[in-house]
Structures are given as C-alpha cells and as structure tokens.
Amino acid sequence: MSRRTAESVPVLIVGGSLVGLSMSVFLGRFGIEHMLVERNTGTSTHPRGRGNNVRTMEIFRTAGLESHIREAASALAGNDGVLQVDTLTGDQRHWIVPDISAGMDISRVSSSSWCLCSQNDLEPVLLDHTRRGGDIRFGTELLSFTQNGDGVQAHVVHRDSGETYTVDADFLVASDGPRSSVRKRLGIGQSGPGDLFHNVSVTFRSKALKEYVGERRFIVCYFTDPLGEGALLPVDNEYRWVIHVPWSPDRGETLEDFSDARCAAHVRAAAGVPDIDVEVTGKALWHASQRVADAYGQGRVFLAGDSAHEMPPNGAFGSNTGIQDAHNLAWKLAAVLRGWAGPPLLDTYQHERRPVAVATSARASQQAVEEQHTGFGLAAGRNNDASDLMTAALCYRYASDAVAGAPTERPVLPETFELDGAPGSRAPHMWVMRGGTRISTLDLYERSFVMLAGSRGRMWRNAMEKAAANVGAPVEVYLVGHGRDHDLVPEPGAEWAELHGTAEDGAVLVRPDGFVAWRAHSEMPHADRVLTDVLQTVLGRDRARTP
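Residues numbered from 1 in each chain as written. Predicted model: local features only at pLDDT ≥ 70, side-chain atom pairs only at ≥ 80, totals over all residues. Heavy atoms only, no water.

## Examining the overall build of the protein
Along the backbone of the protein there are 13 helices and 25 strands. For the protein, the C-alpha radius of gyration of 24 Å lies close to 24 Å, the compact-globule estimate for 547 residues. The principal-axis extent of the C-alpha atoms belonging to the protein is close to 80 × 65 × 40 Å. Here the protein contributes 54 positively and 68 negatively charged side chains, and the mean placements of these two sets differ by 3 Å. (Helix = DSSP H or I, 4+ residues; strand = E, 2+ residues; numbered from the N terminus. Rg over C-alpha atoms; globule rule 2.2 N^0.38 Å. Lys, Arg positive; Asp, Glu negative; His and termini not counted. Charge placed at Lys NZ, Arg CZ, Asp CG, Glu CD.)

Below is the structure:
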C-alpha cells in the first residue's frame, strides 16, 4: 500500500447513498466544504427506496432539486395507491391504500407532493448537485478513525489502487448503512424488535405483463396466491418490474436457491399466466428490520440514515427519515462551523431525530401489518391510534433546547393531522407574493433563521435586527400583509397569523430547517432582549455541550 500526505476538510461524510449524498447537497447549500467517501464505485443500480414523501420533496424543492427529481421520476408520475390481489388475472382485488394522500388536497398544506423516484434514478440527481464545496470519492473506504476534542482523524483507502491516506476533519457523519462500521466502532448499541421479515428483490423484464396490469397504476401490488405470494413494483409501467419474493433464511435458503427459473415461475404464478415472458435481470437479498441506535453519535461523530435506524419499507419512511436526518444535522453543523451557534446545538440532533425514528419505525411496522407484507407474520389489523401516512410524513414534532417553548406533553407523532405553527412543528405552508413572484413560505427557510411578522412588523424587525447583531446569527425578517411596507402578500382569504397560531401583532421565528423555533402572540416590551435570549438558547450559546 502507498501513502500520501494528510488532507483536511471541515466535514467528512462516510457513505454515498441517498443520505450521504443528501448531506453533501445540504452542506453545499451552506457553502461548507466537505469530503464524501463511498466504498462502491458509483451510485446504486438497483431500483429500490422509491417513495419520497411530501416533507422530503419540500426539502428538495428548497434545495433547488425538485424539478430535476420529477423529471427523473416521470415514468411513475401517475402511480398511486397500494393494491392487493390474488393474481393479476384473478377475481380478488382490494385497494389497501387507495390514495397515498388520504384524499387530502396537498396544495393546501404543502408546496410539494409525493414523488416516486427509485434510488437508482434519484442518486444521480443528487450527485449532480453535490459539486458546491463537495469532494466526492467513490471506490474509497474508511479503514479507521480516532477523535479528540479538536477533531476527527480518519484513515481511508482507495480500493482499486490500495493507496491509503489520512483525512483530518472537524466532524464525521456516518451514513454507512444498517451494518455501520462507524456505529460499531463507537460501541453504540441498537434497540427494537430486530428482524421482521426477509425477501428477495428480483428485477425482471416482461413485455406482456403490462397487458395484465391494465390501467391499474399502483405503487405496489401484493399477491396473496401461495404460489405467487409477493409484491410487484413497476419500474417504468412498461417492461421493467421488481417483485419481492419470500425468503426463509431460517430454513437455510440462500440467494443461490433463487434460480432464474424459480423466480420466473414465481412471476408467472403471481400474474396467473403460465406462459408470460420473464427475463430475470437481477436479484438481491434484503431484511426488513425495526431497530434504532441507542445514541446518534459520540463526540464529533454522528450517525444518519440506516446507520441510525432501520425500518420496513412500507410507507416509504426509511430513506425519508434518513434524508430528514441529514437536513436536520446539516444546518446545525453549518451554524457551528460558521460560528453563529455553540457546540451544544449539536446535542439537539439526537434529542430531535431519535424520538422521530422510534415513532416512525413503529409506524412503518404498523403499515407492514396493514399491507400484509410478504413474509410478515404479524396478524393483520389496524392500530386505531396509528397516524395516517400524511400525518406521519409532515406532523412529527421536536422538543429540544433548539426550540423555545415546545409543548413537551405532546407526542412526537400526533394521531391526527396538525400543523398549527406551534414551536417544534414544521412551519405552516402559505402561498404568498414576493416581488411579483408566487412562492411558498416554506421556500424562505434554508440558510438562515426567518421571522414572520404582521401589523406590528416594524417593531419586530427593529428588535430582531438588534438581537441578531447581539448574537451574531443570520436572521431574515419578512413583514406579511397587504400594505405597501409588507414583503410578503398573502393570497385572498389567507390569514398568516391564524395559520401560524398567533395574532396579527405577533411574530414567528423559524429555523433554517423549516421548524418553528419560537413564537409570540403579541408585541412585547424589550423585545430585542427577549429575542436575544431566544437566539442564545436555540443556538446553544447559553450552555456547555453534553460530554
């Protein structure tokens, strides 16, 4: 092995799948230099992890990626719902989930909507947008790392050449999958039920299958016939498909047992057509598990995505939760590296994201029960306390030191849809006009704190300018209303204050990740002092970091 001199970078990302690439995009939007190392030689080639929920698409919209992702996902733009049949040609059929949005008019609550974009199509889009400040190195593997109070030193190897070198970083983010070597090296355990079921994902081509699918444009179709039991996922609604077939490792089955002939016969049984054309193009084993790491990092090393949590694919929560991990952590790393937040802010990453993972992984397992997923042995039946998919995607809440006044008695995941502007919740969406352009208020939240204020906006603006100067943090203030001095003009009938749970002379402070940090119901004396205290608290400037 040859060696070369050490390199230095503020953030080292280990793992270049959806979460690692998303972290790169988000850090790049802040102008934070970083390096990403990924042991594989390129992005994913297997169509999986397709569901991008509303919250994820909001994040990608703000980062300027939404239109590119929808272009990459155009083949599945019309697919919706979860179908159950005995076979494609059989008489039994039932829509388990007729509409992934549960009949909701999403445009009333969001600037975006769900999008089906398979991992192999999404990762290249992310890669194309990682260039700002990002040094992406495929075919490069982390060997080991050490850390102290000043930073992390990682040893990596280029797998083809064998060349090793050292990378010195302020922080390391591990998005290296469910068998995370970083998590293991940190000695962090996991909690949860563990493995739930096992499948083989089989990719195949069939020209005739679409004739038997007909006009049904589902996200996934489950087969109940014992000979064809499985789950069918369209890749392009034309010739390319994926079927998940039951796998029993407890009986000693291995991938070699799933010959092309066996897989083709399974597809034909699921279709109910014994002579349909099937060309198997790939096979991969996978486990559906429910586990959450006992800690989301240690010192200057953080876990994100599957290294921090595992959950069944049902409801498409896994990758979405991971991408939202990255979004939560990226602004906090940027704030600390830029000097406008204290290191204690980084403790709130675990305090916010781990409870979300615990609640969401349980909801994903419940969805697997409702869908009667192939190989899942739990009895079917809905948990009446389980939130619907839209609620789980958009309404999770944070209660940490990075939120001032969060109602701690409320559950992380509510049972019913609630986006009321309360501290700790995702800020409400509202269409407004800004300088002749129609935008969503969600489009404002990315690289700085944002304050919205109404009729007493001048007072709030003056107070916040003083507070931001006192703390040294970036804050943009927008006055909302119909007067000449207002920055944002709501559409007719929209009441910004009511939507945000405040009064016309109140104000709302929103974090860079779009979550409400604080709100006031009316103007107040010495507002600049109050806001200074709020910013100091939310940014971790008033306390020491937890050891």
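## A few points about the sheet that holds strand β20 (residues 437-440)
In spatial order, the strands read β20-β19-β23; together these three strands make up an open sheet with antiparallel pairing. Edge positions in the sheet fall to β20 and β23 (489-490), since each has one partner strand and no second. Bridge count between strand β19 (residues 431-434) and β23: two bridges; the pairing is antiparallel. Bridged to Met433 within β23 is Val489. (Pairing = 2+ DSSP bridges.)

## Re the confidence of the model for the protein
In low-pLDDT segments, the atomic positions of the prediction should not be examined closely. In this model, the protein carries a mean pLDDT of 92, and residues with pLDDT of at least 70 account for 95%. Contacts from residues 378-386, a stretch scored under 50 in pLDDT, to residues over four places away or in other chains number 15 contacts. (pLDDT = per-residue confidence, 0-100. Contact = heavy atoms within 4.5 Å.)

## Digging into the side chain of Arg397
With respect to the element layout, Arg397 can be found in the loop between α10 (389-394) and β19. In terms of polar contacts, Arg397 uses its side chain to reach the backbone carbonyl oxygen of Pro411, at 3.0 Å. Of note is the side chain of Arg397, whose polar atom sits 2.9 Å from the side chain of Glu418. Arg397 has contacts with Val356, Arg410, Pro411, Val412, Pro414, Glu418, Gly424 and Ser425, leaving out every residue within four places of it along the chain. (Polar contact = N/O pair within 3.5 Å; in protein donor to acceptor, adjacent residues only side chain to side chain.)

## Re the environment of Ala507
Looking at the element boundaries, Ala507 is found in strand β24 (residues 507-510). Taking C-alpha positions, Ala507 is 5.2 Å from Ala520, a pair spaced 13 residues apart along the chain. Discounting residues that sit within four places of it in the chain, Ala507 has contacts with Met451, Leu452, Ala453, Trp460, Trp496, Thr502, Arg519 and Ala520.

## Notes on unusual backbone geometry
Within the chain, Asn237 stands out as a residue other than glycine whose phi angle is a positive 65 degrees. Within the fold, Asn237 resides in the loop between β13 (230-234) and β14 (240-246). The exposure class assigned to Asn237 is buried, which follows from its relative accessible area of 8%. (Buried < 20%, exposed > 50% of the residue type's maximum accessible area, 1.4 Å probe, protein only.)

## Considerations on helix α4 (residues 119-128)
Summarising burial for α4: seven of the ten residues are buried, a large majority. Among the residues making up α4, those that are buried are Gln119, Asn120, Leu122, Glu123, Val125, Leu126 and Leu127. Buried positions along α4 lie against α1 (18-29), β3 (51-52), α2 (54-62), α3 (66-72) and β7 (134-138).

## Points about the pairing of β13
β13 sits mainly inside the fold: five of its five residues count as buried. With burial as the criterion, each face of β13 is covered, one bearing Gly230, Leu232 and Pro234 and the other bearing Ala231 and Leu233. With antiparallel pairing between neighbouring strands as the criterion, strand β12 (residues 220-223) and β13 make up a hairpin whose turn holds six residues. For β13 and β14, the ladder comprises four bridges, and the chain directions are antiparallel. Across the sheet, Ala231 pairs through a bridge with His244, a residue of β14.

## Remarks on α1
The terminal C-alpha atoms of α1 lie 17 Å apart, and with twelve residues this matches the ideal 16 Å at 1.5 Å per residue to within 8%. Within α1, eleven of the twelve residues are buried, leaving the element largely enclosed by the surrounding structure. If you check which residues of α1 are buried, you get Leu18, Val19, Gly20, Leu21, Ser22, Met23, Ser24, Val25, Phe26, Leu27 and Gly28. Phi turns positive one or two residues past the end of α1, at Gly31, with a value near 75 degrees. (Expected span 1.5 Å × (residues − 1).)

## What about the sheet that holds β24?
Taken together, four strands build an open sheet; the order of strands is β22-β21-β24-β25 and the sheet is mixed. Edge positions in the sheet fall to β22 (475-479) and β25 (516-520), since each of these pairs with one other strand and no more. Geometrically, the sheet is characterised by an average inter-axis angle of 15 degrees between neighbouring strands, direction not taken into account. Across four bridges, the pairing between β24 and β25 is antiparallel. Within the sheet, the bridge partner assigned to Val510 lies in β25 and is Val516. Packed on one face of the sheet, helix α13 (residues 527-538) meets β21 (449-453), β22, β24 and β25 and runs near 160 degrees to β25. (Axes fitted to C-alpha atoms, helices over the stretch in contact; angles between N-to-C directions.)

## Structural notes on the pattern of salt bridges
If the charged atoms of two oppositely charged side chains come close together, the side chains can form a pair. Summed over the entire model, instances satisfying the criterion amount to 29 salt bridges. Across the pair Glu66 and Arg61 runs a salt bridge whose closest N-O atoms are separated by 3.8 Å. According to the relative accessible area criterion, Glu66 is buried, its value standing at 11%. You can call Arg61 partly exposed: its relative accessible area is 24%. Between Glu446 and Arg447 there is a salt bridge whose closest N-O contact spans 3.4 Å. Classification of Arg447 as partly exposed rests on a relative accessible area of 38%. Shared partners join several salt bridges into a network, and the residues in it are Arg61, Glu66, Arg70 and Asp443. (Salt bridge = Lys/Arg side-chain N within 4 Å of Asp/Glu carboxyl O.)

## Points about the packing of aromatic side chains
To describe a pair of aromatic rings, you give the distance between the ring centres and the angle between the ring planes. All told, the structure shown has eleven aromatic pairs when counted by the stated rule. Centre to centre, the rings of Trp340 and Phe449 are 6.4 Å apart; their planes meet at 80 degrees, and the pair counts as edge-to-face. Remark: Phe449 occurs in strand β21 and Trp340 occurs in the loop between α8 (318-338) and α9 (347-371); sequence separation between them is 109 residues. Comparing Trp340 with Phe449 shows no difference in burial state: the two are buried. (Phe/Tyr/Trp six-rings, centres within 6.5 Å; stacked < 30°, edge-to-face > 60°.)

## Let's talk about the environment of His244
Structurally, His244 can be placed in strand β14. Counting along the chain gives 15 residues from His244 to Ser259, while the straight-line C-alpha distance between them is 14 Å.

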